[in-house]
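# Report on the structure
Residues per chain are reported as follows:
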Amino acid sequence: EDPEEHCASLTRLVKMAHSKNPNTCKFAMLALVPVFNSVIPGYRIRPLTELEKKEKVSKDVARLRNFEQNLVVNYKNYVGLLGKLAKIPNNSTPTNVALGNLAMNAVNILIPNVSHFNFRSDLLAILIRRICKPSISSDPTAIQSIKTIETLFTGDDEGTISVEVIRIFCKVVKVRNYNIEESVLNTLLSLDVLHDYDPNSKEETDNYKPMKLKKKNRIHLSKKERKARKEMKEIEEEMRKAELAVSAEERERNQAEILKAILTLYLNVLKSGNTRLIGSVLEGLSKFGNMANFDLLGDFLEVMKEIIYEAELDNLSSEEVRKVLLCIVTAFSLISNNTHMKVNIDLSKFVDALYSLLR
């Protein structure tokens, strides 16, 4: 009812979650999920400076500051606990495995609600590391974790969360040597922030139109008041445009970083020779490949030519046939969808490979 007055209770509950007794740990950990969802404010809390700590403030401000700092410390400890439990391997004791699964459930519930708050990167890292494994079929939380990431992608129009997820995702996948499941890589297809991105266009649109009042609802103002209001409106309009420009510029930076990271990831997956991910890469290139620059497009084509060259077209297994066909389809898809390419690209090797498979 009054979290600012009961900071000690929150601290006690977090300590209980660290208990060596499995039941105490379980119930305290689960109880903290709705507690944090309720008490976490709608803004990120920064640490106080040394000057701010020394200055005299009102009782209400001191009370709020104490609550905020206490909340951050306890939340950090809680996120650390979730990260520790989420790393428990499947070959551990059933009790420990169950605690690890409960920790992942807590992460999946927390992230969509507190993605604006402190330690977002820590929670995202817990989530991504858990699903970036060669096989996730034995993990009962994997499907929900994948849905959580897709939800973050589809609900992020500014790209601030998406770019952070992509950074962690690419780093973890690289460490795992691209040995992950196709369903995990398919989460990238849910990215919504790139739907209107055009790397070759810098046009800015401003569809804002102020609502006009009817004449009968207007307030009568003197000449001096009208002049003052006009000046104020001009200032507000300038500030609004400045805010829109900053927001649009940041969004465009996020889009550029996300696109570069994804296409680089796709290229590295192709180079790694992981055949089970080629289908996912094809879908991704069909969706995002038209935004690639000429140099990167050439890299994709060269890698796919190497894959075809290394394959013995006269004696292929069904899996190898699929791989070669996907390379051919991807190559033509990239070129046909890339409307900004003004040069002719030789695709004869892909055509020859297709006829060899048809013979």
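Residues numbered from 1 in each chain as written. Predicted model: local features only at pLDDT ≥ 70, side-chain atom pairs only at ≥ 80, totals over all residues. Heavy atoms only, no water.

Let us now look at the pattern of salt bridges. Scanning all chains against the criterion turns up 12 salt bridges. For Arg-63, the salt bridge goes to Glu-5, with nearest N and O atoms at 2.7 Å. Of the two residues, Arg-63 is situated in helix α4 (residues 59–86) and Glu-5 in the segment before α1 (7–17); the sequence distance between them amounts to 58 residues. One salt bridge in this structure joins Glu-257 and Arg-167, with 2.6 Å as the shortest N-O distance. Linking Glu-257 in helix α10 (residues 223–272) with Arg-167 in helix α8 (residues 160–175), this pair joins segments that are 90 residues apart in sequence. (Salt bridge = Lys/Arg side-chain N within 4 Å of Asp/Glu carboxyl O. Helix = DSSP H or I, 4+ residues; strand = E, 2+ residues; numbered from the N terminus.)

Our focus in this paragraph is unusual backbone geometry. Although it is not a glycine, Phe-119 adopts a positive phi angle of roughly 60°. Inspection of the secondary structure assignment puts Phe-119 in the loop between α5 (94–114) and α6 (120–131). According to the relative accessible area criterion, Phe-119 is partly exposed, its value standing at 22%. Not every positive phi belongs to a glycine, and Tyr-178 is a case in point at roughly 60°. Mapped onto the elements, Tyr-178 comes out in the loop between α8 and α9 (182–185). (Buried < 20%, exposed > 50% of the residue type's maximum accessible area, 1.4 Å probe, protein only.)

Glancing now at the environment of Ile-88. Here Ile-88 shows up in the loop between α4 and α5. Judged by its relative accessible area of 17%, Ile-88 is buried. Through-space distance from the C-alpha of Ile-88 to that of Gly-100 is 5.9 Å; in sequence the pair is 12 residues apart. Contact partners of Ile-88, with chain neighbours within four places excluded, come to Asn-96, Val-97 and Gly-100. (Contact = heavy atoms within 4.5 Å.)

Right, let's get into the side chain of Glu-181. Within the secondary structure, Glu-181 sits in the loop between α8 and α9. Salt bridges are absent for the buried Glu-181, whose nearest opposite-charge side chain, Arg-276, sits at 5.1 Å. Among residues more than four places away in sequence, those in contact with Glu-181 are Lys-133, Pro-134, Ser-135, Ile-136, Ser-137, Arg-276 and Leu-277. (Lys, Arg positive; Asp, Glu negative; His and termini not counted.)

A separate point is the packing of α6 against helix α7 (residues 142–154). Packing of α6 against α7 brings their axes to within 10 Å, and their N-to-C directions diverge by 130°. Regarding the angle of α6 to α7, the classification is oblique. The crossing of α6 and α7 is left-handed. Contacts from Leu-124, Leu-127, Ile-128 and Ile-131 of α6 reach α7 at Ala-142, Ser-145, Ile-146, Thr-148, Ile-149 and Leu-152. Class assignment of the residues belonging to the contact of α6 with α7 gives a composition of 8 nonpolar, 2 polar and no charged. (Axes fitted to C-alpha atoms, helices over the stretch in contact; angles between N-to-C directions. Parallel < 35°, antiparallel > 145°, perpendicular 65-115°, else oblique. Left-handed = near helix turned anticlockwise from the far one by under 90°. Nonpolar A, V, L, I, M, F, W, Y, C, P; charged D, E, K, R; others polar.)

The terminal C-alpha atoms of α6 lie 17 Å apart, and with 12 residues this matches the ideal 16 Å at 1.5 Å per residue to within 8%. For α6, a buried count of 9 out of 12 residues is recorded, marking the element as mostly surrounded by other parts of the structure. Those residues of α6 that sit buried are Arg-120, Leu-123, Leu-124, Ala-125, Ile-126, Leu-127, Ile-128, Arg-130 and Ile-131. Looking at the packing, one finds that the buried side of α6 touches α4, α5, α7, α8 and α9. (Expected span 1.5 Å × (residues − 1).)

Here we come to a positive patch on the surface. A contiguous patch of positive charge on the surface is contributed by Lys-87, Arg-129, Lys-133, Lys-171 and Arg-176. On the secondary structure map, Lys-133 appears in the loop between α6 and α7. (Patch = residues over 30% accessible without salt bridge, like charges linked within 9 Å, V, L, I, M, F, W, Y side chains within 5 Å. Areas by Shrake-Rupley, 256 points an atom, 1.4 Å probe, with all protein chains shown as cover. Charge placed at Lys NZ, Arg CZ, Asp CG, Glu CD.)

Below, the discussion takes up empty space enclosed by the protein. The full count for this structure, using the stated rule, is 1 cavity of 30 Å³ or more. Considering only enclosed or pocket space, the largest cavity measures out at about 30 Å³ in volume. Broken down by secondary-structure element, the contributors of at least two residues to the lining of the largest cavity are α11 (278–288) and α13 (318–337). Tallied by class, residues from the lining of the largest cavity come to 7 nonpolar, 1 polar and no charged. (1 Å grid on protein atoms, 1.4 Å probe; cavity = no way out; pocket = protein on both sides within 12 Å on 5 of 7 lines; lining within 4 Å. Points joined across faces, edges and corners; volume = space filled by probe spheres on them.)

A few words now on the packing of aromatic side chains. Evaluation of the coordinates by the stated rule reveals 4 aromatic pairs. Judged by centre distance (5.1 Å) and plane angle (70°), the ring pair of Phe-36 and Tyr-75 falls under edge-to-face. Of this pair, Phe-36 sits in helix α2 (residues 22–39) while Tyr-75 sits in helix α4; the two residues are 39 residues apart in sequence, bridging distant segments of the chain. For Phe-36, a relative accessible area of 0% puts it in the buried group. By relative accessible area, which is 0% here, Tyr-75 ends up buried. Residues Phe-36 and Tyr-78 carry aromatic rings whose centres are separated by 5.2 Å and whose planes lie at 35° to one another, so their mutual orientation is tilted. (Phe/Tyr/Trp six-rings, centres within 6.5 Å; stacked < 30°, edge-to-face > 60°.)

Residue-level pLDDT values for the protein average 85, and 88% of them are 70 or greater. For the stretch residues 203–217, pLDDT sits under 50, and the model shows 6 contacts to residues farther than four places along the chain or on other chains. (pLDDT = per-residue confidence, 0-100.)

Turning to a nonpolar patch on the surface, a few remarks are in order. A surface patch of nonpolar side chains, amounting to about 400 Å² of accessible area, comprises Leu-325, Leu-354, Tyr-355 and Leu-358. Looking at which element gives the most residues to the nonpolar patch, the answer is helix α14 (residues 348–358), with 3 residues. Counting through the fold element by element, Tyr-355 comes out in helix α14. On the accessibility criterion, Tyr-355 (54% relative accessible area) is exposed.

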